[in-house]
Amino acid sequence: MRDGVLTEGRPVRWTLLGLTLVFLALFLVLPLAAVFTEALRRGVGVFLEAFADPDTQAAIRLTLLVAAIAVPLNLVFGVSTAWAVAKFEFPGKSLLVTLIDLPFSVSPVVSGLVYVLLFGAKGLLGPLVDDWGFKIIFAVPGIVLATVFVTFPFIARELIPLMHEQGTAEEEAALTLGASGFRTFLTVTLPNVRWALLYGVLLCNARAMGEFGAVSVVSGHIRGLTNTMPLQVEILYNEYNFVGAFAVSTLLAGLALVTLGAKSLLEWRYGDGLARTRRH
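Residues numbered from 1 in each chain as written. Predicted model: local features only at pLDDT ≥ 70, side-chain atom pairs only at ≥ 80, totals over all residues. Heavy atoms only, no water.

Within an unreviewed UniProt entry, the label attached to the protein reads Sulfate ABC transporter permease subunit CysW, and the organism entered is Reyranella aquatilis. Looking at the protein in UniProt, the text filed under Subcellular location (unreviewed entry) is "Cell membrane". According to its UniProt record, the protein has this under Subunit (unreviewed entry): "The complex is composed of two ATP-binding proteins (CysA), two transmembrane proteins (CysT and CysW) and a solute-binding protein (CysP)." (UniProt positions renumbered as here; feature names shortened; annotations may be inferred.)

**Student:** I tried to follow the UniProt feature "domain: ABC transmembrane type-1" (unreviewed entry) in the protein on my own but got confused; where do I start?
**Tutor:** UniProt's entry tags residues 60-261 with the feature "domain: ABC transmembrane type-1" (unreviewed entry), counted in the numbering of this structure. Along residues 60-261 the backbone is 79% helical and 0% strand, and the end-to-end C-alpha distance reaches 22 Å. (Helix = DSSP H or I, 4+ residues; strand = E, 2+ residues; numbered from the N terminus.)

**Student:** Is there a simple way to explain the environment of T63 in this structure?
**Tutor:** Residue position: T63 is located in helix 3 (residues 54-87). Along the chain, T63 and D131 lie 68 residues apart, while their C-alpha atoms are 28 Å from each other. Sequence-distant contacts of T63, that is, excluding residues within four places in its chain, are made with M209, T228 and M229. (Contact = heavy atoms within 4.5 Å.)

**Student:** Looking at this structure, how should I read the packing of helix 9 (residues 153-166) against helix 11 (residues 181-210)?
**Tutor:** The relative placement of two packed helices comes down to the angle between their axes together with the axis-to-axis distance. Packing of helix 9 against helix 11 brings their axes to within 7 Å, and their N-to-C directions diverge by 160°. Between helix 9 and helix 11, the angle is such that the two are roughly antiparallel. For the pair helix 9 and helix 11, the crossing hand works out as right-handed. Along its contact with helix 9, which presents F154, I155, E158, L159, L162, M163 and Q166, the element helix 11 presents T189, N192, V193, A196, L197, Y199, G200, V201, L203, C204 and R207. When its residues are assigned to classes, the contact of helix 9 with helix 11 shows twelve nonpolar, four polar and two charged. (Axes fitted to C-alpha atoms, helices over the stretch in contact; angles between N-to-C directions. Parallel < 35°, antiparallel > 145°, perpendicular 65-115°, else oblique. Left-handed = near helix turned anticlockwise from the far one by under 90°. Nonpolar A, V, L, I, M, F, W, Y, C, P; charged D, E, K, R; others polar.)

**Student:** It is not clear to me how the UniProt feature "transmembrane region" (unreviewed entry) in the protein should be interpreted in this structure. Could you clarify?
**Tutor:** Per the UniProt record, "transmembrane region" (unreviewed entry) is annotated on residues 12-36, 58-83, 95-120, 132-156, 196-222 and 242-262. As annotated, residues 95-120 comprises 85% helix and 0% strand, and the C-alpha atoms at either end are separated by 29 Å. From the first C-alpha to the last, residues 132-156 spans 33 Å; its make-up is 64% helix and 0% strand.

**Student:** In this structure, what is going on with the pattern of salt bridges? I would like to understand it.
**Tutor:** One side chain can pair with another of opposite charge once the charged atoms of both are near each other. Counted by the stated rule, this structure contains six salt bridges. The partner of E38 in a salt bridge is R41, and the shortest N-O contact between them spans 3.0 Å. Note that R223 and E239 form a salt bridge whose closest N and O atoms lie 1.9 Å from each other. On the criterion of sequence distance, the pair formed by R223 in the loop between helix 12 (213-219) and helix 13 (229-238) and E239 in the loop between helix 13 and helix 14 (242-279) is long-range, its members being 16 residues apart. Accessibility expressed as a relative area gives 38% for R223, which makes it partly exposed. Connected through shared salt-bridge partners, D55, R223 and E239 make up one network. (Salt bridge = Lys/Arg side-chain N within 4 Å of Asp/Glu carboxyl O. Buried < 20%, exposed > 50% of the residue type's maximum accessible area, 1.4 Å probe, protein only.)

Below, the structure is given as structure tokens:
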């Protein structure tokens, strides 16, 4: 090693690079190419006609609605949780950090099933919810709850390490100068973590729009009402409507590519600033 850089021989470096490129080609590039190829196999006209289906349009609207609700909720939760964990000491802090990671270790199908057991017709709170005339399972609220559960670690996990590394010196200095807690957050803490926060929002949004397992359990697969885009893809594929299924899949694949591109652009544009922020 020289100046922190590995100095393995050229054959080793080219072998590792070749293995990486082959892996990416087989498991990333080719599947994505297959999705777009199959969607356009019968022409652009047929591809566009797939989006004229009312059920597909309803699935797209529902997906956008769920993401528009779940992402802001997780934004508030992620920022407040990261602030509490990184800046304060309190009993149960380790338990809170462990619970944040819970959706990473629990199957999305299990998380969806939990909400069915809680709010289903024969669930723990189901009769009470029915008495209020409020429907959660097999309705939009259940989809939102399941989506929030599986996506809430993304923003918090982006912010906690960065906030912890930055410490509390700058916030304490601002408070000493007379700034309120909220003003300190807006003028000191938030600018220091804004790019990590944006990363977390991008990842959270991509997962929210692409979630399948938890949403599948709580949605009931009601056409035109509770099907999101991933569920609509499954239905179209099972009905042998391959063009329609792959057409909707291109939207999800495009979302993934846009998310990756936005993340790479931010890293390229603000990489130096991010590095300085992390060092401090």
